[in-house]
Amino acid sequence: MSVIVRNLAKHYGEQKAVNQINFEAKPGRILGFLGPNGAGKSTTMKMLTGYLQPTSGQAEIAGKDMKLEPLEIKKLIGYLPENTPLYIDMYVREFLGFVAETYGLKNRSKRVEDVIKLVGLTQEQHKKIGMLSKGYKQRVGLAQAIIHQPQVLILDEPTSGLDPNQLTDIRALIKNLGKDKTVIISTHIMQEVEALCDDVIIINKGALVANAAIADLKKEHAGASLEDIFKKLTQ
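Residues numbered from 1 in each chain as written. Predicted model: local features only at pLDDT ≥ 70, side-chain atom pairs only at ≥ 80, totals over all residues. Heavy atoms only, no water.

Okay, the UniProt feature "domain: ABC transporter" (unreviewed entry) in the protein next. In the numbering used here, UniProt assigns the "domain: ABC transporter" (unreviewed entry) feature to residues 3-230. Along residues 3-230 one finds 37% helix and 27% strand; the C-alpha atoms at either end are 23 Å apart. (UniProt positions renumbered as here; feature names shortened; annotations may be inferred. Helix = DSSP H or I, 4+ residues; strand = E, 2+ residues; numbered from the N terminus.)

Across all of its chains, the model carries eleven salt bridges by this definition. Between glutamate 72 and lysine 75 there is a salt bridge; the shortest N-O distance is 3.2 Å. With glutamate 72 and lysine 75 both in helix α2 (residues 70-76), this residue pair falls three residues apart, about one helical turn. In this structure, the salt-bridge partner of glutamate 113 is arginine 93, at a minimum N-O distance of 2.9 Å. Here the residue glutamate 113 occupies a position in helix α4 (residues 108-119), and arginine 93 occupies one in helix α3 (residues 92-102), the gap between them amounting to 20 residues. In this structure glutamate 113 comes out as partly exposed when scored by relative accessible area, which is 24%. (Salt bridge = Lys/Arg side-chain N within 4 Å of Asp/Glu carboxyl O. Buried < 20%, exposed > 50% of the residue type's maximum accessible area, 1.4 Å probe, protein only.)

Taking burial as the measure, the five residues of strand β3 (residues 30-34) include five buried ones, the bulk of the element. Of the two faces of β3, the one lined by Ile30, Gly32 and Leu34 and the one lined by Leu31 and Phe33 are each fully buried. Direction of pairing for β3 relative to strand β8 (residues 182-186): parallel, over a ladder of four bridges. Opposite isoleucine 30, over in β8, you have valine 183 as the bridge partner. Direction of pairing for β3 relative to strand β9 (residues 199-204): parallel, over a ladder of four bridges. In the sheet register, leucine 31 faces β9, and the bridge partner there is aspartate 199. (Pairing = 2+ DSSP bridges.)

On to the pairing of strand β4 (residues 56-61). As paired elements, strand β1 (residues 3-12) and β4 share five bridges and run antiparallel to each other. Within β4, the position partnered with arginine 6 by the bridge is glutamine 58. Strand direction decides the pairing type here: β4 and strand β5 (residues 64-65), joined by two bridges, are antiparallel. Looking at β5, one finds that isoleucine 61 is bridged to lysine 64. Between β4 and β5, which pair antiparallel in sequence order, lie two residues; one of them, alanine 62, sits at a positive phi of approximately 55°.

What follows covers the sheet that holds β1. What the four strands build is an open sheet, ordered β2-β1-β4-β5; its pairing is antiparallel. The open sheet is flanked by β2 (15-25) and β5, the only strands paired with a single partner. Where helix α1 (residues 41-48) meets the sheet, its contacts fall on β1, β2 and β4, and the angle it forms with β1 comes to roughly 120°. (Contact = heavy atoms within 4.5 Å. Axes fitted to C-alpha atoms, helices over the stretch in contact; angles between N-to-C directions.)

So, about the packing of α3 against α4. Helix packing for two helices is described by the angle between their axes and how far apart those axes are. Where α3 meets α4, the axes come as close as 9 Å, and the angle between the chain directions of the two elements is 125°. The orientation of α3 with respect to α4, classified from their angle, is oblique. Pair α3 / α4 crosses with right-handed handedness. In this structure, α3 contributes Arg93, Leu96, Gly97, Ala100 and Glu101 to the contact, and α4 contributes Arg108, Ser109, Val112, Glu113 and Ile116. (Parallel < 35°, antiparallel > 145°, perpendicular 65-115°, else oblique. Left-handed = near helix turned anticlockwise from the far one by under 90°.)

With their axes 12 Å apart at the nearest point, helix α5 (residues 134-146) and helix α6 (residues 164-177) run at an angle of 10° to one another. Classified by the angle their axes make, α5 and α6 are roughly parallel. Here α5 contributes Gly135, Tyr136, Arg139, Leu142 and Ile146 to the contact with α6, which in turn contributes Gln166, Asp169, Ile170, Leu173 and Leu177.

A few words now on the sheet that holds β8. Pairing between the strands of a sheet is mediated by backbone hydrogen bonds and can be parallel or antiparallel. Pairing is mixed across the open sheet formed by six strands, whose spatial order is β6-β7-β8-β3-β9-β10. Each of the sheet's edge strands pairs with one partner strand only, and the pair in question is β6 (77-80) and β10 (207-213). Adjacent strand axes in the sheet meet at a mean angle of 15°, parallel and antiparallel pairs treated alike. Against the sheet, helix α9 (residues 226-234) contacts β3, β9 and β10, and its axis sits at roughly 30° relative to β9.

Summed over all chains, the structure comprises four aromatic pairs. Aromatic pair tyrosine 51 and tyrosine 79: ring centres 5.3 Å apart, planes at 50°, arrangement tilted. Note that tyrosine 51 is positioned in the loop between α1 and β4 and tyrosine 79 in strand β6, a separation of 28 residues in sequence. With relative accessibility at 60%, the residue tyrosine 51 sits in the exposed group. (Phe/Tyr/Trp six-rings, centres within 6.5 Å; stacked < 30°, edge-to-face > 60°.)

Laid out in structure tokens, this is it:
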């Protein structure tokens, strides 16, 4: 299920937060979405997930237009925002059960159990979310994003707050999920992009400045590192 963006724009008065960008994210390939702070990454992700309405342009997911079929599209998407909204007074297992019920999943208990194991929350499943470390809260956020087995994953800073061991586990999980899903990841960590992603887009001041496979982008810039390419295109 591809994600196709055509001339997508979001304006706040005179400010062009996102300025007519075009790109495509394909199944089985992980797309890294890069840009400096304030470049428009989170705004774009919110438009792709239907949290924000674009000023103009189109976001199409699995052949469906977000403007015309927002509820149908949201069923296909798993979204992890940068600051994951969680109910901190709920227990981990209770919260994931609530999310599964919201999606109307059948055999909810088994799916909750499977996801808890998948993201490494077995030891924490009976704790209140508010008692968890930032890294484990991030795992809960990832669990709620994948619990309904979406075909498209949109992850905003998915490894924020993870220690090195957790980082390795979650990267491996995302890599595995990306084998048969369309995955878009926003991050500031260039090593993470190189470890996880097949393709990359870079935006700066709301405009698209790069859109290519990572190998092709490096070749285009005479073998420069992704970090150096990023600096060159965004400074």
